[in-house]
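# Secondary and tertiary structure notes
This is what each chain is made of:
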Number of protein chains: 4
Amino acid sequence: MNTIGFALRLTVFGSSHGPGVGSVLDGCPAGIPITAEMVQREVDLRKPAAGIGTARAEEDLVQVQSGLLEGKTTGAPIQFFIANKDTDSSKYQAFRATPRPGHADYPALVKYGKDHDIRGGGQFSGRMTAPLVAAGAVARSLLGTKGVRIAAYSQAIGKVVDDDVRSFSDIADNRFKYSTRAASHHVAALMEKEVLAASKEGDSVGGVVRCLVDGLPVGLGEPFFDTLDGELAKMMFAIPAVKGVEFGAGFRSARMRGSEHNDPFVMVGGEVRTETNHAGGILGGLSNGMPVDFSVAFKPTASISKEQRTVDLSKKEDTVITVQGRHDPCIVPRAVVVVEAAAALVIADLMLRGGFFAN
Amino acid sequence: MNTIGFALRLTVFGSSHGPGVGSVLDGCPAGIPITAEMVQREVDLRKPAAGIGTARAEEDLVQVQSGLLEGKTTGAPIQFFIANKDTDSSKYQAFRATPRPGHADYPALVKYGKDHDIRGGGQFSGRMTAPLVAAGAVARSLLGTKGVRIAAYSQAIGKVVDDDVRSFSDIADNRFKYSTRAASHHVAALMEKEVLAASKEGDSVGGVVRCLVDGLPVGLGEPFFDTLDGELAKMMFAIPAVKGVEFGAGFRSARMRGSEHNDPFVMVGGEVRTETNHAGGILGGLSNGMPVDFSVAFKPTASISKEQRTVDLSKKEDTVITVQGRHDPCIVPRAVVVVEAAAALVIADLMLRGGFFAN
Amino acid sequence: MNTIGFALRLTVFGSSHGPGVGSVLDGCPAGIPITAEMVQREVDLRKPAAGIGTARAEEDLVQVQSGLLEGKTTGAPIQFFIANKDTDSSKYQAFRATPRPGHADYPALVKYGKDHDIRGGGQFSGRMTAPLVAAGAVARSLLGTKGVRIAAYSQAIGKVVDDDVRSFSDIADNRFKYSTRAASHHVAALMEKEVLAASKEGDSVGGVVRCLVDGLPVGLGEPFFDTLDGELAKMMFAIPAVKGVEFGAGFRSARMRGSEHNDPFVMVGGEVRTETNHAGGILGGLSNGMPVDFSVAFKPTASISKEQRTVDLSKKEDTVITVQGRHDPCIVPRAVVVVEAAAALVIADLMLRGGFFAN
Amino acid sequence: MNTIGFALRLTVFGSSHGPGVGSVLDGCPAGIPITAEMVQREVDLRKPAAGIGTARAEEDLVQVQSGLLEGKTTGAPIQFFIANKDTDSSKYQAFRATPRPGHADYPALVKYGKDHDIRGGGQFSGRMTAPLVAAGAVARSLLGTKGVRIAAYSQAIGKVVDDDVRSFSDIADNRFKYSTRAASHHVAALMEKEVLAASKEGDSVGGVVRCLVDGLPVGLGEPFFDTLDGELAKMMFAIPAVKGVEFGAGFRSARMRGSEHNDPFVMVGGEVRTETNHAGGILGGLSNGMPVDFSVAFKPTASISKEQRTVDLSKKEDTVITVQGRHDPCIVPRAVVVVEAAAALVIADLMLRGGFFAN
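Attention in this report is confined to the structure presented alongside it. Throughout this description, residue numbers start from 1 for each chain and increase along the sequence as written. The naming scheme follows written order: chains are lettered A onward, ligands numbered 1 onward. Where local features are concerned, this predicted model is filtered to residues with pLDDT of at least 70; where side-chain atom pairs are given and counted, the filter is 80 or more; whole-chain, interface and lining totals use all residues. Note: side-chain values were computed over all heavy atoms of the structure, leaving out hydrogens and water.

### Overview of the packing of aromatic side chains
Stacked, tilted and edge-to-face pairs are distinguished by plane angle, under 30 degrees for stacked and over 60 for edge-to-face with tilted covering the rest, among Phe, Tyr and Trp rings (Trp via its six-membered ring) whose centres lie within 6.5 Å. Counted by the stated rule, this structure contains 32 aromatic pairs over all chains. Seen in terms of ring centroids, Phe13 of chain B and Phe81 of chain B are 6.3 Å apart; in terms of plane orientation they differ by 15°. Their pairing is stacked. Of this pair, Phe13 of chain B sits in strand β2 (residues 9–14) while Phe81 of chain B is found in strand β7 (residues 78–83), placing the two residues 68 residues apart along the sequence. Burial classification: accessible surface area is computed with a 1.4 Å probe over protein chains only, and a residue below 20% of its type maximum counts as buried, one above 50% as exposed, and the rest as partly exposed. The buried category is assigned to Phe13 of chain B, whose relative accessible area is 0%. Taking 5.2 Å as the distance between ring centres and 85° as the angle between the ring planes, the aromatic pair formed by Phe247 of chain C and Phe237 of chain D counts as edge-to-face. Of this pair, Phe247 of chain C sits in strand β11 (residues 242–247) while Phe237 of chain D sits in helix α6 (residues 228–238), each in a different chain. When sorted by exposure, Phe247 of chain C lands in the same class as Phe237 of chain D, which is buried. Members of the aromatic cluster, joined through ring pairs, are Phe237 of chain A together with Phe247 and Phe294 of chain B. Note on conventions: DSSP H or I runs of at least 4 residues are helices, E runs of at least 2 residues are strands, and numbering of each starts at the N terminus.

This is the structure in structure tokens:
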């Protein structure tokens, strides 16, 4: 359903072409500093960049209608609402008969029937992540009170893969410097070229967002099932277009020997650390004090302007379709702040569950 | 915590070296055929194979103490208990001071303090998956009443990767024919060699389990957050040693163009199908009628007999450790039935949520 | 927290004197007829009546910002927002030091600290029930598709107790005919007098709301814990000022013999019925096909204009307080529609859980 | 379903005449002192008393199969199992056709169909409260570490009503001194006589259990929905035969004026207290520092040996039935420890949620 989280609970609502999209964040302790500006700043980072993003021009002005008073949370649920402005629903009715490949149209029509709101993808739209980012701003502020920081970047876009070793501060320092959300000037240029090449051909590309969480306490996670990795993964798969999630060495682990994969414990300045971080900061579903390090694979944007084969559901026959409309040739740059926000919400939830915010 | 699922809810309890391990499965409709033998057969598939598995000899005899009557479920919770027999806890006390690399020892000691049951890994042991498999047998029977079938195999062990195209029936027919859970005779031999080579060196290897779900109705999944992929992923990360989960083309999607990744819809015998299955049977978090196809990456077994570097928590200094005991040089073959059971539990839960078992 | 329900999930947000109050209702199937007018009509029934209600004049105009399209639900979450207009927060700051007797001020200040929004009672205000009633309108429409109807009335106000035997249709026919929500003209006059007498003295009175649910299927409820009575009771205690809930003979049962209390089963027109309904339509936590019959006790409104003794939290000494502001001398008439809406939400949730809406 | 609680989660399983009954308690912090003896002592208090209780002789020996190590909790789930010994199922098959008045037989048969385990009431049996009491022993120990104590007594049995003013220590001191669980020697004699009189006539009586919780912190409860009173009420209605729950003045509140009902705040020894406790220790769903005081109404035992009217479900006609078997003429004395345990579980859960056990 449209609620996630245990102690910090996020509910999203709205649809791509309805009155707007919004969210309710429940469980945030009272007294956490947050202003409308702090929320807006994060939501703005999700906007499409000129050149490489969609032409749909949404102001995405966030209204906060509950839970804040004089720049602080009150302990009551916090509600965000973002009106939809630049909607053009005319082109979507056709998809009721001829579902778009790669989109939720077909299974959604089977699930909800003729009353499904298909305009702009309805409740399956990537637009639903805007109020998630708004809520994430609160989670970030909450985490900040305990020194926990989160930073993500585009680790791959199409065939451009950034394999450089990057520390947390390296990533955090370059956070959102480039429109592609690359971690360096050099990679940014290559990624931009990759997006534009696809765009020019009426096509799209996917990519990988890598995210690091720094400053976590040890022991975060609630086994056997509510593990740190499991909770993060579930949240990430809610982001449209995600097809894979891995931690630390991830799928590479499968080809490693135990003697190579096991991260040796070492004392560093009186603290227990591991020399390597193949585990991605997680052992047995619990944080181990090293940065949590995970990667999220995004498929190429499903909407492309090339003609595609699909079926006509009423005639029960094969046909072709050309999807018009305004789309991002690559969703990855806009997804970076979404991954960060999603991670912040999960981490804050688990810290609340673990008693890390109790006085 | 130790409960997962919404309409079909699994609770696990026990520890590796306590009286036993068990589970409670709640929410299964009345009248589903299930016998102690059906449960035992699945649990036996989790046992280590001679030669490539651990020497710990557990009978794993499942007692069913609630919820069954005359070979059918009654609608009451179903409880399973598996006594621990072959336990040797003597070697584990040392790990309270010197946590094993790659294991949960260190974060668990921080989280639970000195009362943590560290014997055999306690509640973090892979042994917790035995009662999960028992419960999975009920889920399989429930799914069977609607024609839903699940089959998994070792797609990779160490550097042996099985890249052959395999249909559902291809996999299902060879299910559990080989001790490595490979999908063909040829690959089985290579994988066995890979495990034995690591074992001989006192080392371990990881691998990938691929799982297919066939016969699913369209529209399974409860967006925005309780997606089919998200629920499966969360469950998979509860299985010890899992480091990555991907659906369909997964991480390969990141390098694909939209025109290549989008699966064209086609009519086949009056049914809507897709020509390819890069989506892994999931669009917008909902099943689309194609087989759900996902892969789970396992790290190499953390317990190896080679000397490893760790820290002495009391002296706060670096030290070395040699982990004795009886371990699997590769956990992947035993994990195959666990992945299947875990998937069955998630799928059955979502089908119950979606009203697919209502009369 | 601020979410309740399992398959039909209600989240409330807002506060008495903030921008507004609202709710999100998630899990309602697609295709249920509901219009803004239907919602507004229910919310209007919660308004104070001239003469016996508060002078706070709220328009309570409901905005629906998600989940409806062309007069039907889409399957996406439904969101309601009601702006606060007639707020006067000036008098509330004093209560931070001198909490009002009978109100949540004192425990809320301890719980949330200085950032608690105390204006108008904040998130503890009876005003939070307005968006609950809005959501209840959807639940009523959903229940209507299966012939389930709900009707409540003021069974007691102060010392005026309505002990007449009343059938479901008797109650439903007089629903909301009188400003006191009495079930007959005769009782209405007595109750109005009782309220005005208290009001004149600057005092308040309590009362009892009795609620009946008609047309329920047999077997509603999810034991052992999610019983029909337990779920209704939990929801009722969320309504401010509720101090007791009983089903059927309720507390009178305690003084009855089994031979007197047990309702004999009888066949009536081919249907299984009970001759009496001491059980209030519930056996073993399940509906038994008879009307669910329960009563909810409301304490007198805590806000009275008489001087009251309290403490000064900063000086840690006894003091007195006179609560100004605009208050209902009796909350019971306005609570009747709230009890109905709350019951509708619980019943609809349990019907969804029980598969009663599946095709 | 069969799980309740949020941070401290109880799952019950089993049935009256199956292999046994049991429970799993999840979420208890590590290091809480608890032994099998402490658990057994509580469970023994639930046994029928000679003379006034059932003749079914169950040893009720509790096995703890998970979660304890050396007299302390480990942080893993705690599991209890109580084997059924003295079962006689022969008389129950008849009730499939002719459901017993006052029992769950009829709605359960409709809900679960022919596979419902009707023997001894199956999962609807009062016997399910035995493992609840076992789990309650852990909650009591947990609460004890923070000075929270719980005591209940039979406030009424049939027409014998104990209206004496009783303080917490008054009740706690006499806890379980008398077989009727009366609070004084004088009342105990009257209550015993009342039970025996009903028993002699083949009939049964109901009663009221009053429960007090002492030493609670202020601010316990999670509004808007997870209130202290709402959570307690839901749990109480899970106990078989409960028909009403009220807090403080409860239903009497309905007839009071606000000036009479509002409890004045006063400073007592530097602490904020209220002079009276009509609120039953709860304001706005939050504990206010006064003892929580609630009453639970029990109907008379449904099983009586008098002939009763019922229906024959197969023939669809009226008939009569005489329920044989061994039954308690009054369940109230045995329910007292169940109410205490149930309250302990709810309170401990809310204290965990509120962060009151965090270091």
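Next comes the rest of the write-up.
### Details of unusual backbone geometry
Cis peptide bonds are those with omega within 30 degrees of zero, and the linkage from Pro223 of chain B to Phe224 of chain B qualifies with 10°. Here Phe224 of chain B shows up in the loop between β10 (207–214) and α6 (228–238). Positive phi, close to 55°, is recorded for Asp60 of chain C, a residue that is not glycine. Mapped onto the secondary structure, Asp60 of chain C falls in the loop between α1 (36–44) and β4 (62–66). Even without glycine at this site, Glu70 of chain D takes up a positive phi of about 50°. Summarising the element assignment, Glu70 of chain D is placed in the loop between β5 (68–69) and β6 (72–73). Since its relative accessible area comes to 78%, Glu70 of chain D is described here as exposed.

### What to know about the interface of chain B and chain A
Across the boundary between the two partners, chain B contributes 105 residues, which contact 105 residues of chain A. Interface area for chain B against chain A, summed over the two sides, is near 8,200 Å², with a carbon-plus-sulfur share of 62%. Note: buried area is the sum, over both parts, of the accessible area (probe 1.4 Å) each one loses when the two are combined. If you sort the residues of chain B by the area they bury against chain A, Phe224, Phe225 and Lys243 of chain B come out on top, with a joint share of 11%. Here, a salt bridge means any Lys or Arg side-chain nitrogen found within 4 Å of an Asp or Glu carboxyl oxygen. Here chain B and chain A share 11 salt bridges between them. In this structure, Arg257 of chain A engages Asp203 of chain B in a salt bridge whose closest nitrogen and oxygen atoms are separated by 4.0 Å. Residue polarity follows a fixed list, in which Ala, Val, Leu, Ile, Met, Phe, Trp, Tyr, Cys and Pro are nonpolar, Asp, Glu, Lys and Arg are charged, and the others, Gly among them, are polar. Looking at the side of chain B that touches chain A residue by residue, the classes come out as 51 nonpolar, 31 polar and 23 charged. Bridge count for strand β11 (residues 242–247) of chain A against strand β11 (residues 242–247) of chain B is three bridges, and the pairing is antiparallel. Across the sheet, the residue bridging to Val245 of chain A is Val245 of chain B, located in β11 of chain B. Note on contacts: a residue pair is in contact if any heavy atoms of the two residues lie within 4.5 Å. We treat two strands as partners when DSSP finds at least two bridges between them.

### As for the environment of Lys243 of chain D
Structurally, the position occupied by Lys243 of chain D is in strand β11 (residues 242–247). Other than its neighbours up to four places away in sequence, Lys243 of chain D contacts Val245, Glu246, Phe247, Gly250, Ser253, His278, Ala279 and Ile282 of chain C together with Phe237, Ala297 and Lys299 of chain D. In this structure the side chain of Lys243 of chain D is engaged in a polar contact, spanning 3.5 Å, whose partner is the backbone oxygen of Ile282 of chain C. What qualifies as a polar contact is a pair of N or O atoms within 3.5 Å, subject to a donor-acceptor requirement within protein and to the restriction that residues adjacent in sequence count only when both atoms come from side chains.

### A short note on the sheet that holds β10 of chain B
The sheet built from 10 strands is open, its strands ordered β9(A)-β8(A)-β10(A)-β16(A)-β11(A)-β11(B)-β16(B)-β10(B)-β8(B)-β9(B) with antiparallel pairing. Sheet topology places β9 (160–161) of chain A together with β9 (160–161) of chain B at the edges, where each strand pairs with a single neighbour. Two strands pair when backbone bridges link them, and β11 of chain B and strand β16 (residues 292–298) of chain B are joined in this way by five bridges, in the antiparallel orientation. Bridging from a neighbouring strand, Val245 of chain B pairs with Val296 of chain B of β16 of chain B. Here, axes are lines fitted to C-alpha atoms. For helices the fit covers the stretch in contact, and angles between N-to-C directions go from 0 to 180 degrees. Sheet strands in contact with helix α5 (residues 185–200) of chain A are β8 (149–157) and β9 of chain A, and its direction is about 55° off that of β8 of chain A.

### Considerations on the pattern of salt bridges
Residues and elements named next belong to chain A. Inspection of the entire model under this criterion finds 97 salt bridges over all chains. Across the pair Arg210 and Asp293 runs a salt bridge whose closest N-O atoms are separated by 2.9 Å. Residue Arg210 is located in strand β10 (residues 207–214), and its partner Asp293 is located in strand β16 (residues 292–298); the two are separated by 83 residues in the primary sequence. Take Arg210 and Asp293: they sit in the same class, and that class is buried.

### Some points on the side chain of His103 of chain D
Checked against the element boundaries, His103 of chain D lands in the loop between β7 (78–83) and α2 (105–112). Excluding anything up to four places from it in sequence, His103 of chain D contacts Leu283 of chain C together with Ala302 and Ser303 of chain D.

### Things to note about the interface of chain C and chain B
Between chain C and chain B, the residue contacts involve five residues of the former and five residues of the latter. At the junction of chain C with chain B, the criterion picks out zero salt bridges. Taken together, the links from chain C to chain B amount to zero residue pairs in polar contact (both at pLDDT 80 or more). For the side of chain C that touches chain B, the per-class residue count stands at three nonpolar, one polar and one charged.

### Details of the packing of helix α6 (residues 228–238) of chain C against helix α8 (residues 332–353) of chain C
All names here are of chain C. As a packed pair, α6 and α8 sit with axes 10 Å apart at the nearest point and diverge in direction by 140°. With respect to the hand of their crossing, α6 and α8 are arranged in right-handed fashion. When α6 is examined against α8, the residues Leu228, Glu231, Leu232, Met235 and Met236 are found in contact with a partner set consisting of Val339, Ala342, Ala343, Leu345, Val346, Ile347, Leu350 and Arg353. Should the near helix be turned counterclockwise from the far one by less than a right angle, the crossing is left-handed, whereas a clockwise turn marks it as right-handed.

### Comments concerning the side chain of Arg353 of chain C
For Arg353 of chain C, the position within the fold is in helix α8. Owing to a relative accessible area of 16%, Arg353 of chain C belongs among the buried residues under this scheme.

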